[in-house]
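An overview of the molecular structure
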Amino acid sequence: MHGINAALVTPFTRSGEVDAKSLERLAVHCLGDGATGLVALGTTGEAALLTAEERRTVLEVCRAVSIEHGARLIVGAGTMGTADTIREAREHAPLADALLVVVPYYLRPSDDGVIDHFAAVGAAVDVPLIAYNVPYRTGKPLSGETLVRLLGLGCVAGIKHCAGAVDQDTLEMLAADTGKAVLCGDDAYIYPMLQLGASGGVAASACLAPRAYADMADAARHGNAARGLALHNALLPLARALFAEPSPSVLKACLAEIGLIDDPAVRAPLHAPHADSVAEALHAFRRLSFA
């Protein structure tokens, strides 16, 4: 799973419905401008705020675009409970190349409980899992040893790793060289992670600047450190600005501003961003000579 997977927003119409046309336009833009895959129904897609029917609409749109472009589609699935996660995984699996399954949140199960959770979900579906490790959202940190154990499961093809830093556990996981995909999910850390052996990234910012992120990943993969570092440094202000307020509010505002989606609306309890946050993100975006 080399390259950049664009974590898609879910656009809404002014009347509050899922905007399938804007979603299709955005997905085509991402794949046409260098992203190697799409991620639907993730945190960026406000999946927890969608109805089952709306989630189905999102999946059908994204699946059609991914097939047309010969690209993979990773689909979010998972709640805090194993039984509900299995139910959701079974619903999404028929339209997915892989399922992005979050580490159970809020309950803070033991590490053995986390391993058992993924094994049970993997046994229930016939598509591979990508474990979504995001401790600053779930409240459940995993040690380097447990991350390696998780990647050792036959049903787990890789991990979306969002540690918020390149910490000791991250280094231990990468050093283990499990042969499984490590996808950096923190936009600002994608280049350092690629240099340390990660396979690619899952980036919300790639909705706005897919070519720049794709070029950065290509530079890292082909050993062009100077080019990769220059792109990393240029993209840092954009990533910082897009996450200045709870995601994806600033991102959606920027996407609407440049016409990739029709409306910037987010669902409650998310809130429309402040104008200065949007202006800063657009300024950072427009400074990218390769945007």
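Scroll up for the structure.
In this report, we go over the structure that sits alongside the text. Just so it is clear, the model here is predicted, and its values are computed rather than measured. (Residues numbered from 1 in each chain as written. Predicted model: local features only at pLDDT ≥ 70, side-chain atom pairs only at ≥ 80, totals over all residues. Heavy atoms only, no water.)

1. Thoughts on the packing of aromatic side chains
In total, this model carries 0 aromatic pairs according to the counting rule given. In this arrangement the basic side chain of Lys-160 is found over the ring face of Tyr-132, its NZ or CZ atom lying 4.2 Å from the centre. (Phe/Tyr/Trp six-rings, centres within 6.5 Å; stacked < 30°, edge-to-face > 60°. Lys NZ or Arg CZ within 6 Å of the ring centre and 35° of its normal.)

2. A look at helix α2 (residues 52-69)
In this model α2 runs 26 Å from its N-terminal to its C-terminal C-alpha over 18 residues, within 8% of the 26 Å that 1.5 Å per residue would give. Those residues of α2 not exposed but buried are Glu-54, Arg-55, Val-58, Leu-59, Val-61, Cys-62, Arg-63, Val-65 and Ser-66. Where α2 is buried, its residues touch α1 (20-32), β2 (37-40), β3 (72-77) and α3 (82-92). Note on α2: the residue one or two positions beyond its end, Gly-70, has a positive phi of about 65°. (Helix = DSSP H or I, 4+ residues; strand = E, 2+ residues; numbered from the N terminus. Expected span 1.5 Å × (residues − 1). Buried < 20%, exposed > 50% of the residue type's maximum accessible area, 1.4 Å probe, protein only. Contact = heavy atoms within 4.5 Å.)

3. Some words on the pairing of strand β4 (residues 98-102)
When you tally the buried positions in β4, you get 5 out of 5 residues, the bulk of the element. Going residue by residue along β4, you find Ala-98, Leu-100 and Val-102 tucked away on one face and Leu-99 and Val-101 tucked away on the opposite face as well. Pairing between β3 and β4: 4 bridges, direction parallel. In the sheet register, Val-75 faces β4, and the bridge partner there is Leu-99. Following the backbone out of β3, through α3 and into the adjacent parallel β4, one traces a crossover that is right-handed. Of the strand pairs in this sheet, β4 and strand β5 (residues 129-133) are connected by 4 bridges, and their pairing is parallel. (Pairing = 2+ DSSP bridges. Right-handed = clockwise from strand over helix to strand, strands pointing away.)

4. Describing the environment of Leu-31
Mapped onto the elements, Leu-31 comes out in helix α1. A C-alpha to C-alpha distance of 25 Å links Leu-31 and Val-156, two positions 125 residues apart in sequence. Residue contacts for Leu-31: discarding those within four places in its chain leaves Thr-36, Gly-37, Leu-38, Val-65, Ser-66, His-69 and Ala-71.

5. Section: the sheet that holds strand β6 (residues 156-161)
Strand pairs in the sheet, formed through backbone hydrogen bonds, run parallel or antiparallel to each other. Read around the closed barrel, 8 strands run β1-β2-β3-β4-β5-β6-β7-β8, paired in parallel fashion. On average, each strand axis in the sheet is tilted by 25° relative to the strand beside it, whichever way the strands run. Bridge count between β6 and strand β7 (residues 181-184): 4 bridges; the pairing is parallel. Residue pairing across strands places Lys-160 opposite Leu-183, the latter belonging to β7. Here α2 sits on the sheet and contacts β2 and β3; the angle it forms with β3, its principal contact strand, is near 160°. (Axes fitted to C-alpha atoms, helices over the stretch in contact; angles between N-to-C directions.)

6. Comments concerning helix α7 (residues 168-175)
Buried within α7 we find Thr-170, Met-173 and Leu-174. Looking straight down α7, one finds its buried side chains confined to an arc of 95°; they lie on one side. Those residues of α7 that are exposed and aimed more than 90 degrees away from the buried face are Gln-168 and Ala-175. Backbone geometry just downstream of α7 places Asp-177 in the positive-phi region, at approximately 50°. (Arc of directions from axis to C-beta.)

7. What to know about the environment of Val-75
Positionally, Val-75 belongs in strand β3. Note: C-alpha distance between Val-75 and Glu-88 (13 residues apart in sequence) is 11 Å.

8. What to know about a nonpolar patch on the surface
Judged by side-chain polarity, Val-166, Leu-171, Tyr-189 and Leu-196 come together as a nonpolar surface patch covering roughly 290 Å² of accessible area. Mapped onto the fold, Leu-171 is located in helix α7. In this structure Leu-171 comes out as partly exposed when scored by relative accessible area, which is 35%. (Patch = residues over 30% accessible without salt bridge, like charges linked within 9 Å, V, L, I, M, F, W, Y side chains within 5 Å. Areas by Shrake-Rupley, 256 points an atom, 1.4 Å probe, with all protein chains shown as cover. Salt bridge = Lys/Arg side-chain N within 4 Å of Asp/Glu carboxyl O.)

9. So, the packing of helix α6 (residues 144-151) against α7
Axis angle and axis distance: for two packed helices, these are the angle between their axes and the distance between the axes, and together they describe the pair. Contact geometry for α6 and α7: axes closest at 8 Å, N-to-C directions at 40°. Viewed along their axes, α6 and α7 form a crossing whose handedness is right-handed. Residues Gly-144, Glu-145, Leu-147, Val-148 and Leu-151 of α6 touch α7, and the partners they reach there are Asp-169, Glu-172 and Met-173. Split by residue class, the contact of α6 with α7 holds 4 nonpolar, 1 polar and 3 charged. (Left-handed = near helix turned anticlockwise from the far one by under 90°. Nonpolar A, V, L, I, M, F, W, Y, C, P; charged D, E, K, R; others polar.)

10. A closer look at the pattern of salt bridges
Taken as a whole and judged by the stated rule, the model has 12 salt bridges. Between Glu-60 and Arg-56 there is a salt bridge; the shortest N-O distance is 3.1 Å. Here the residue Glu-60 and the residue Arg-56 both occupy positions in helix α2, the gap between them amounting to 4 residues, near one helical turn. Among the residues examined, Glu-60 registers a relative accessible area of 43% and is labelled partly exposed. Linking Asp-215 and Arg-227 is a salt bridge whose minimum nitrogen-to-oxygen distance equals 3.9 Å. One end of the pair, Asp-215, is in helix α9 (residues 210-221); the other, Arg-227, is in helix α10 (residues 225-242), and 12 residues separate them in sequence. Look at the salt bridges and you will find they share partners, linking Asp-84, Arg-87 and Glu-91 into a network.

Everything listed here is a matter of geometry and, on its own, says nothing about what the molecule does.
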